[in-house]
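Each chain, written out:
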Amino acid sequence: MSVEQEREPFNDPAELLDELDTLISEQQSLRLRAAALSARYRELEQFGDRFDKPGDLFPEEFGRINVEYAVKYLDSAVKDAEGLLKYSLRPARGLAEKVRVYPQLDQPEIDRGRSR
């Protein structure tokens, strides 16, 4: 028996899988929250001029532009979160669920003796 077989792993694969499931759930929640927040900002777009910061000749800040780009960046965050779930976390979970101790099959020794 090798040293690796005698030692127990520091981490339990089932606990790690639970943590990954939690991470996926939180990422899905974050994606949904960002989408909802984007929708709420989108509702403000028609009132964007109300959020201008006054300046001497022109507004220092254009509320319409700030609202518009807040929506764009939030929509981008939603897409990024979808990509993270689709291309990283879910594939990682698919592989992680296979990480376990499998029963070892007793392999009969093959007689590789020389012909007699």
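Everything below is about the structure shown above.
Okay, so let's go over this structure. Just so you know, these numbers come straight off a predicted model, no measurement behind them.

**A word on the pattern of salt bridges**
Phase 1: Per the stated rule, a full pass over the model turns up six salt bridges.
Phase 2: Of the charged contacts in the structure, one is a salt bridge between Lys72 and Glu68, with a shortest N-O distance of 3.5 Å. Of this pair, Lys72 and Glu68 both sit in helix 3 (residues 63-96), separated by four residues, roughly a single helical turn.
Phase 3: Glu68 gets classed as partly exposed once you look at its relative accessible area, which sits at 25%.
Phase 4: Close ionic contact of Arg93 with Glu97 constitutes a salt bridge, the shortest N to O distance being 2.6 Å.
Phase 5: On the basis of relative accessibility, which here comes to 23%, the residue Arg93 falls in the partly exposed class.
Phase 6: On the basis of relative accessibility, which here comes to 35%, the residue Glu97 falls in the partly exposed class.
Phase 7: When salt bridges that share partners are traced, they join Asp21, Arg93 and Glu97 into one network.

What counts, and at which threshold
- Residues numbered from 1 in each chain as written.
- Predicted model: local features only at pLDDT ≥ 70, side-chain atom pairs only at ≥ 80, totals over all residues.
- Heavy atoms only, no water.
- Salt bridge = Lys/Arg side-chain N within 4 Å of Asp/Glu carboxyl O.
- Helix = DSSP H or I, 4+ residues; strand = E, 2+ residues; numbered from the N terminus.
- Buried < 20%, exposed > 50% of the residue type's maximum accessible area, 1.4 Å probe, protein only.

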